[in-house]
Amino acid sequence: MADKSHIGLTAVDTVPLHEKVYLELVRALMSGQLQPGQKLTSRKLAKELGTSDMPVRSAFMRLQALRALSPMPNGSVEVPLISADRFQQLTAVRTILEGTATELATKLINGNNLRAIRRHCAELTEAARGGGIDNYLRKNYDFKFSIYRHCGNEQMLFLIETVWMQVGPFLRNLHIGFEDDLAGILGIDHHEEVVAAIEAGDAERARAAIVRDIAEGAAHILGQVKFPQLRH
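Residues numbered from 1 in each chain as written. Predicted model: local features only at pLDDT ≥ 70, side-chain atom pairs only at ≥ 80, totals over all residues. Heavy atoms only, no water.

A. Focus on the overall build of the chain. Along the chain, the regular secondary structure elements total nine helices and three strands. In the chain, the succession of helices and strands from N to C terminus is α-β-α-α-β-β-α-α-α-α-α-α. For the chain, the C-alpha atoms occupy an extent of roughly 60 × 45 × 35 Å along the three principal directions. Taken across its 232 residues, the chain has 46% of its residues classed as buried. Long-range contacts, defined here as pairs at least 24 residues apart, represent 73% of the contacts in the chain between residues at least 6 apart. Carbon together with sulfur atoms contributes 52% to the accessible area of the chain, which is approximately 12300 Å² in total. Placing the 27 positive and 27 negative side-chain charges of the chain at their respective mean positions leaves the two points 6 Å apart. (Helix = DSSP H or I, 4+ residues; strand = E, 2+ residues; numbered from the N terminus. Buried < 20%, exposed > 50% of the residue type's maximum accessible area, 1.4 Å probe, protein only. Contact = heavy atoms within 4.5 Å. Areas by Shrake-Rupley, 256 points an atom, 1.4 Å probe, with all protein chains shown as cover. Lys, Arg positive; Asp, Glu negative; His and termini not counted. Charge placed at Lys NZ, Arg CZ, Asp CG, Glu CD.)

B. Just the packing of helix α4 (residues 84-108) against helix α7 (residues 154-167), in detail. Look at α4 against α7: their axes get within 10 Å of each other, and the N-to-C directions meet at 145 degrees. You can see that α4 and α7 cross each other, and the crossing is left-handed. Here α4 contributes Arg-86, Phe-87, Leu-90, Val-93, Arg-94, Leu-97, Glu-98, Thr-100, Ala-101 and Leu-104 to the contact with α7, which in turn contributes Met-156, Leu-159, Ile-160, Val-163, Trp-164, Gln-166 and Val-167. For the contact of α4 with α7, the class distribution of residues is 12 nonpolar, two polar and three charged. (Axes fitted to C-alpha atoms, helices over the stretch in contact; angles between N-to-C directions. Left-handed = near helix turned anticlockwise from the far one by under 90°. Nonpolar A, V, L, I, M, F, W, Y, C, P; charged D, E, K, R; others polar.)

C. Structural view of the environment of Met-156. Position of Met-156 among the secondary structure elements: in helix α7. With relative accessibility at 13%, the residue Met-156 sits in the buried group. Through-space distance from the C-alpha of Met-156 to that of Thr-100 is 9.0 Å; in sequence the pair is 56 residues apart.

D. Molecular detail of the sheet that holds strand β2 (residues 70-71). Across the sheet, three strands lie side by side as β1-β3-β2; this open sheet has antiparallel pairing. At either end of the open sheet lies a strand with only one pairing partner, and these are β1 (39-40) and β2. The pairing of β1 with strand β3 (residues 77-78) spans two bridges and is classified as antiparallel. The partner of Leu-40 across the bridge, within β3, is Val-77. (Pairing = 2+ DSSP bridges.)

E. Fine view of the packing of aromatic side chains. A full pass over the atoms with the stated rule returns seven aromatic pairs. Pairing Tyr-141 with Phe-145 gives two aromatic rings, centres 4.9 Å apart and planes at 40 degrees, and the pair type is tilted. Here Tyr-141 pairs with Phe-145, and both are found in helix α6 (residues 133-148), just four residues apart, close to one helical turn. By the burial criterion, Tyr-141 is buried, and Phe-145 matches it. Between the aromatic rings of Phe-170 and Phe-227, the centroid separation amounts to 5.0 Å while the plane-to-plane angle is 25 degrees, which identifies the pairing as stacked. Highlighted residues: Phe-170 in the loop between α7 and α8 (191-199) and Phe-227 in the segment after α9 (203-224), separated in sequence by 57 residues. With a relative accessible area of 5%, Phe-170 lands in the buried category. Owing to a relative accessible area of 11%, Phe-227 belongs among the buried residues under this scheme. Linked through ring pairs, Tyr-141, Phe-145, Tyr-148 and Trp-164 together constitute an aromatic cluster. Over the ring of Tyr-22 we find Arg-62; its NZ or CZ atom is 3.6 Å from the centre of that ring. (Phe/Tyr/Trp six-rings, centres within 6.5 Å; stacked < 30°, edge-to-face > 60°. Lys NZ or Arg CZ within 6 Å of the ring centre and 35° of its normal.)

Written as structure tokens, this is what we have:
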């Protein structure tokens, strides 16, 4: 039922359980809540999510196809480790896709959208000052996708999400070097510049600001992290 009925019933949630489980895992990957090298089992996740094993296994298979999870010999899965080269390649793809999405969105964002983006921007700044990397990464994800979702191109958004599923866990390394004061991360975080450009309707400047945000964050990680030597 799409609408409230005349006897007071409301519509039931028709999203299949396996889709809900998949989306929960996607969000956890993209928002950096899972760590590179972390092992996951369908049994433990099913217990945490309050489901049976089957929808979790279904989500695992979909995420393996997108290179967001790697299969293990014992039937569990792992959040993949990535080499420095692959991280740089993913960053290059991000700057192209997310820069374009921001430029397109700037031309389409209306007043209601802008209010939501401003709110996410303020929450991201507050998260950095609050000192917790988990909350910061969640707010970083919320902020950036509050922009990208208005780009008007569903295929581009899908590609951005696919890249984020691979790179999101590694963004946890952004906190390295800022352990004593995470607020220092604001020196390489340009989200307020992005919002200022969107408010001015300057699509080119908004694109440049998001690209700078991505590039400086990646450069910080490359300078701080000892990447594993992986076989190709």
